[in-house]
Amino acid sequence: MSTAIKQPHEKELFGHPVGLFILFFTEMWERFSYYGMRGLLVLYIATSATAADAGLGWTTKDALWLYGWYTMLVYVMSIPGGWIADKWLGQKKTVMLGGLLLCLGHGVLAIPNNTAFFTGLLLVILGVGCLKPNISTMVGGLYKQGDIRRDKGFTIFYIGINIGAFLAGIVVGVVAAKYGWHWGFGLAGIGMGVGQLVYMWGQKYLVGVGDFIGAKDSVDKEAAKKPLTKIDKDRIVVLLISFLIVIVFWGAFEQAGGLMNLYTDVKVNRVTGLGGPSWLQEIPTAVFQSLNAGYIIIFGTVIAGFWVWWRKKGKESSSIFKMAIGTIIMGLGFVFMMFASKEASGETFGKAMMFWIFMAYLFHTIGELCASPVALSFITKLAPLKYASIMMGIYFACTGFGNKLAGSIGESSQLEPYGGSLVASKEMVYSFTDKSDFETGEKDANGEKIMSNDYPINQDKNFEIRASVYPDGDNVRFERYGTGQSLDGLLSLSTEGEDSDKAKLLATLKEDGVTKDKPYHAKLLFEKDEEKAKVEANKGDGKDYGLSFVLEEDQSAQEYKTFMYITIFTVAFGLLLMLFLKKLKKLTHGAEDNERDLRNEEAEGFELADN
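Bear in mind that the values here come from a model prediction, so they are computed numbers and not experimental data.

Asks: What should I look at first to understand the overall build of the protein chain in this one?
Replies: On a plain count of helices and strands, the protein chain comes out with 21 helices and ten strands. Taken across its 611 residues, the protein chain has 54% of its residues classed as buried. Counting only carbon and sulfur atoms, one obtains 59% of the accessible surface of the protein chain, whose full area is about 26,900 Å².

This is the structure in structure tokens:
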């Protein structure tokens, strides 16, 4: 046992370098900000611009389109982020730059303005691109090559990521539900600020880690000039193949923030039956985003311990094998979404139990723990030193491509809504809607908001009517669900051309054999034109309302097929990887064959601290 006084960067905590826990807390707060904002993103975009808590007012299809592009770009920017680190600043300084951009981006998102919203998204994209690949590479730099602790170190780091995501899903989700979207965005930004402070404070524990290898005084300067060997090239090939797994895995997994998020909002019964505040009586949709992170905190070390035990038993435990198993398990989680879809569609305007969502996220999490932290560790084992950050950047870029694939899949699951307009007077609308409480914009003597109980149409707010829909000759009939009142005089569908909404709706109803006795159903959403609603003179005139809806039966069938196809493809892909496992392992040239505990051996840049 050493008796020398150790420098901060040489010390250990719980058997790992102290620097791991600095990176742990930095990433924890960065992920708090990212996942807090991500949990609100699709919901905010898809919320009507004239709703009580106004959003952007995009369709769910367009919301998923933007979500896919945003989450792709966030990770694709990891390639230039890795390049900046490898060729210019080094990982440590690039992480610092990314953190500053993220603080600025989340701060701008808190401003209730559309221009600020898109500017904030751009800054977050740039910030994550600088931070994400480099902080992960720095974790690998804490360990000597061949150190068996590396995989477990990445699992600990991964738990930090998900503590942040777990807290964000609950805290940011509740704050946004209670106080508004931009309060939620602002709280996410505060989290990023804390993470940046932790990183700046902990620099003394990261000496020699993440420095620019091309610097004159760098001990790795020669590695930056050394040409790639045959082994290096073979290992890069394996990494590139493993990145295909990454795209498929995240293409399915990231339905959590898109399709599953929207599905939970509309098709899952979130009522708890408990008393207390409104957010406890009905769980806000964004809070369900914390399930995945919560499961990781609970099962992270369990899964990591299982793989150590599995390896000691002499069983197959290569990184490629773990990633294949993880893809299969994650894919099977969508079986529970199929059950949820069946249950929700089993009755008119039905909803599924929360149980199915809990189970789906559980399987997704177990699959993620088998695949994702292992993939991060795998890259640091196989990537040549001079390309370490770039290869990590490519990994995260592939994660981004997976996110874009997820958005495209989610987008394809959402039917194009039929459109029309409100043609009835607002007095006629009264008989089909109920009064609600609205803020008047004024406050009483105690500073409390003054509320008004009124019909939504008098406040230029959206309103929804549930309807039965069926064909009648060359016409489409709408009746109020439950009462049978005719809604034909209330609305008008687009009738221009053969491809008009009326023509398409009529064709669909006839093709599906819909009749008056066996009608289809729809939630008719009436929304006032955003620009007209801004004109004070138009307030409460009941005019300029548009109509949009999808057929519930068709939408449910489309979502069920989406969940089923994801299940089939991911499981088949994982099994296919098993067939090529031996050939892929051969190309690694034994990079994982001789892993052992190196804590009692002299390490590069680290000594074992006194206990």
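From this point, the discussion proceeds with the structure in view.
Asks: What should I look at first to understand a nonpolar patch on the surface in this one?
Replies: On the surface, Trp 65, Trp 69 and Leu 73 cluster together into a nonpolar patch covering about 280 Å² of accessible area. One can find Trp 69 in helix H2 (residues 60-76).

Asks: Would you mind going over the packing of helix H13 (residues 319-332) against helix H14 (residues 334-344) with me for this structure?
Replies: Taken N-terminus to C-terminus, the directions of H13 and H14 make an angle of 10°; their axes are 4 Å apart at the nearest point. It follows that H13 is roughly parallel to H14 by the angle criterion. Along the contact surface, H13 presents Met 330, Gly 331 and Leu 332, while H14 presents Phe 334, Val 335 and Phe 336. Of the residues belonging to the contact of H13 with H14, the class tally is five nonpolar, one polar and no charged.

Asks: Quick question: what am I supposed to make of empty space enclosed by the protein here?
Replies: If you roll a probe as big as a water molecule over the atoms, it shows you where there is empty space left. Inspection of the entire model under this criterion finds four cavities of 30 Å³ or more. As for the largest cavity, its lining consists of 24 residues, and the residues nearest its centre are Tyr 35, Tyr 75, Tyr 158, Trp 250 and Glu 368. Mapped by element, the contributors of at least two residues to the lining of the largest cavity are helix H1 (18-46), helix H6 (149-179), helix H9 (230-253), helix H12 (290-312), helix H15 (354-382) and helix H16 (388-412). Split into classes, the residues belonging to the lining of the largest cavity amount to 13 nonpolar, six polar and five charged.

Asks: Help me out: how do you make sense of the packing of H13 against H15 in this one?
Replies: Geometry of a packed helix pair, given as the angle between the helix axes and the separation of the axes. Remark: H13 packs on H15, axes separated minimally by 7 Å, with the N-to-C direction vectors making an angle of 155°. Accordingly, the angle class assigned to the pair H13 and H15 is roughly antiparallel. Remark: the crossing between H13 and H15 carries left-handed chirality. Counting all contacts with H13, which are made through Ser 319, Ile 320, Lys 322, Met 323, Gly 326, Ile 329, Met 330 and Leu 332, the residues of H15 involved are Phe 363, His 364, Ile 366, Gly 367, Cys 370, Ala 371, Val 374, Ala 375, Phe 378 and Lys 381.

Asks: What is the right way to look at the environment of Gly 393 in this model?
Replies: Mapping Gly 393 onto the fold places it in helix H16. In the structure, Gly 393 is positioned 316 residues away from Met 77 in sequence and 7.8 Å away in space, judged by C-alpha atoms.

Calculation rules
- Residues numbered from 1 in each chain as written.
- Predicted model: local features only at pLDDT ≥ 70, side-chain atom pairs only at ≥ 80, totals over all residues.
- Heavy atoms only, no water.
- Helix = DSSP H or I, 4+ residues; strand = E, 2+ residues; numbered from the N terminus.
- Buried < 20%, exposed > 50% of the residue type's maximum accessible area, 1.4 Å probe, protein only.
- Areas by Shrake-Rupley, 256 points an atom, 1.4 Å probe, with all protein chains shown as cover.
- Patch = residues over 30% accessible without salt bridge, like charges linked within 9 Å, V, L, I, M, F, W, Y side chains within 5 Å.
- Salt bridge = Lys/Arg side-chain N within 4 Å of Asp/Glu carboxyl O.
- Axes fitted to C-alpha atoms, helices over the stretch in contact; angles between N-to-C directions.
- Parallel < 35°, antiparallel > 145°, perpendicular 65-115°, else oblique.
- Contact = heavy atoms within 4.5 Å.
- Nonpolar A, V, L, I, M, F, W, Y, C, P; charged D, E, K, R; others polar.
- 1 Å grid on protein atoms, 1.4 Å probe; cavity = no way out; pocket = protein on both sides within 12 Å on 5 of 7 lines; lining within 4 Å.
- Points joined across faces, edges and corners; volume = space filled by probe spheres on them.
- Left-handed = near helix turned anticlockwise from the far one by under 90°.

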